[in-house]
Amino acid sequence: MTRTLIIGASGGIGAALSQNAQTRGHDVTGLSRSHDGLDVTDETSIERTFKKLNGSYDLIICATGALVVDGHEPEKSVNALSARSLTLQFQTNAMGPALVLKHTIQFLPKDRPATFAALSARVGSIGDNRIGGWHSYRAAKAALNQLIHGASIELARTHKQATCVCLHPGTVETDFTAKYASRHKTVPASQAAENLLSVLDGLTPSDSGKFFDYSGAQVPW
């Protein structure tokens, strides 16, 4: 049986990933701030929560992240940038998942295939950015992509069968995204979860360090 660990399991996409993985027959462990007091921006909180885990996991997904943090809306121009919004975005969308990866490597087996995936966003792609805006969020997701890419190189030296990737889930239908999704095709969280797990099913260690969208297409850095 596939053992799966979902970080951020109480969120819309995280809950859907947990449910979908269970439907597929996975043995799922879910962790979140609301249910377990896990704050991914606080390394002490991560260490304390992860002490409760046992054994290894075949699949680990970090489904944490936020577009609006502490009331700071996405910027429409560089003039709207603030040190506070930049700091919060990097803490939430780059530092948090990176710290999760740091402390979950211990749970990835070395003797068989295993996967770590972090939810990123297409707007974090520098090569795909043609309209600007949303500067803090874009930059934080770009930083996450770099962190995961760099970690995958290191991970390949110790876990030769491991795959470490970033995933773009698409624009997922939630009350929160409704305000920003008028120009984008949206999908229910359940469909987004199904898409992502199907993509992960098709990846191999040769795909490690890359960035994929919900259809399995590679996204440029």
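Whatever comes next refers back to the structure up there.
Comments concerning the layout of surface pockets
Part 1 of the reasoning: A volume near 290 Å³ is recorded for the second largest pocket.
Part 2 of the reasoning: Taken together, 15 residues form the lining of the second largest pocket, with Asp58, Pro113, Thr115, Leu200 and Asp201 sitting closest to its centre.
Part 3 of the reasoning: Where the lining of the second largest pocket is concerned, the elements lending two or more residues are strand E4 (114-119) and helix H6 (189-201).
Part 4 of the reasoning: No other element matches the three residues that H6 contributes to the lining of the second largest pocket.
Part 5 of the reasoning: Among the residues forming the lining of the second largest pocket, the class breakdown is seven nonpolar, six polar and two charged.

Notes on the packing of aromatic side chains
Part 1 of the reasoning: Going through the model one piece at a time under the given rule, you end up with four aromatic pairs.
Part 2 of the reasoning: The interplanar angle of 85 degrees and the centroid separation of 6.1 Å between the aromatic rings of Tyr57 and Phe107 together place this pair among those described as edge-to-face. In this pair, Tyr57 sits in the loop between helix H3 (43-50) and strand E3 (59-62) while Phe107 sits in the loop between helix H4 (83-104) and E4, placing the two residues 50 residues apart along the sequence. An identical accessibility class is assigned to Tyr57 and Phe107; each is buried.
Part 3 of the reasoning: Summarising the aromatic geometry, the rings of Phe211 and Trp221 are spaced 5.8 Å apart at their centres and angled 20 degrees between planes, so their arrangement reads as stacked. Of this pair, Phe211 sits in strand E8 (residues 211-213) while Trp221 sits in the segment after E8, placing them ten residues apart in sequence.
Part 4 of the reasoning: For Phe211, a relative accessible area of 0% translates into the label buried.
Part 5 of the reasoning: According to the relative accessible area criterion, Trp221 is partly exposed, its value standing at 35%.
Part 6 of the reasoning: These aromatic residues form a ring-pair network of at least three members: Phe50, Tyr57 and Phe107.
Part 7 of the reasoning: Sitting above the plane of the Tyr57 ring, Arg3 keeps its charged end 4.3 Å from the centroid.

Looking at the pairing of strand E5 (residues 162-168)
Part 1 of the reasoning: Burial within E5 is extensive, with seven of its seven residues counted as buried.
Part 2 of the reasoning: Because side chains alternate across E5, one face comprises the buried residues Ala162, Cys164, Cys166 and His168, and the other comprises Thr163, Val165 and Leu167, equally buried.
Part 3 of the reasoning: The sheet contact formed by E4 and E5 spans six bridges and is parallel. Within E5, the position partnered with Ala114 by the bridge is Ala162.
Part 4 of the reasoning: Chirality of the crossover, the property in question, places the unit of E4, helix H5 (residues 135-158) and E5 among those that are right-handed.
Part 5 of the reasoning: Note: E5 against E8, three bridges, orientation parallel. Each residue of the ladder has a partner; that of Leu167, found in E8, is Phe212.

A short note on the sheet that holds E3
Part 1 of the reasoning: In spatial order, the strands read E2-E1-E3-E4-E5-E8; together these six strands make up an open sheet with parallel pairing. On the outer flanks of this sheet lie strand E2 (27-31) and E8, each paired with one strand and no other. Averaged over all pairs of adjacent strands, the angle between strand axes in this sheet comes to 20 degrees, irrespective of strand direction.
Part 2 of the reasoning: Most of the contacts of H4 go to E4, to which it runs at about 165 degrees, and overall it touches strand E1 (3-7), E3, E4 and E5.

Some remarks on empty space enclosed by the protein
Part 1 of the reasoning: Enumeration over the complete set of coordinates arrives at one cavity of 30 Å³ or more.
Part 2 of the reasoning: Computed from the structure, the largest cavity encloses a volume of approximately 40 Å³.
Part 3 of the reasoning: Considering the residues around the largest cavity, the lining is formed by Leu67, His72, Glu73, Pro74, Glu75, Ser85, Gln89, Ser136 and Tyr137.
Part 4 of the reasoning: When residues of the lining of the largest cavity are traced back to their parent elements, those giving at least two are H4 and H5.

Here is what the cut-offs are and how they apply
Residues numbered from 1 in each chain as written. Predicted model: local features only at pLDDT ≥ 70, side-chain atom pairs only at ≥ 80, totals over all residues. Heavy atoms only, no water. 1 Å grid on protein atoms, 1.4 Å probe; cavity = no way out; pocket = protein on both sides within 12 Å on 5 of 7 lines; lining within 4 Å. Points joined across faces, edges and corners; volume = space filled by probe spheres on them. Helix = DSSP H or I, 4+ residues; strand = E, 2+ residues; numbered from the N terminus. Nonpolar A, V, L, I, M, F, W, Y, C, P; charged D, E, K, R; others polar. Phe/Tyr/Trp six-rings, centres within 6.5 Å; stacked < 30°, edge-to-face > 60°. Buried < 20%, exposed > 50% of the residue type's maximum accessible area, 1.4 Å probe, protein only. Lys NZ or Arg CZ within 6 Å of the ring centre and 35° of its normal. Pairing = 2+ DSSP bridges. Right-handed = clockwise from strand over helix to strand, strands pointing away. Axes fitted to C-alpha atoms, helices over the stretch in contact; angles between N-to-C directions. Contact = heavy atoms within 4.5 Å.

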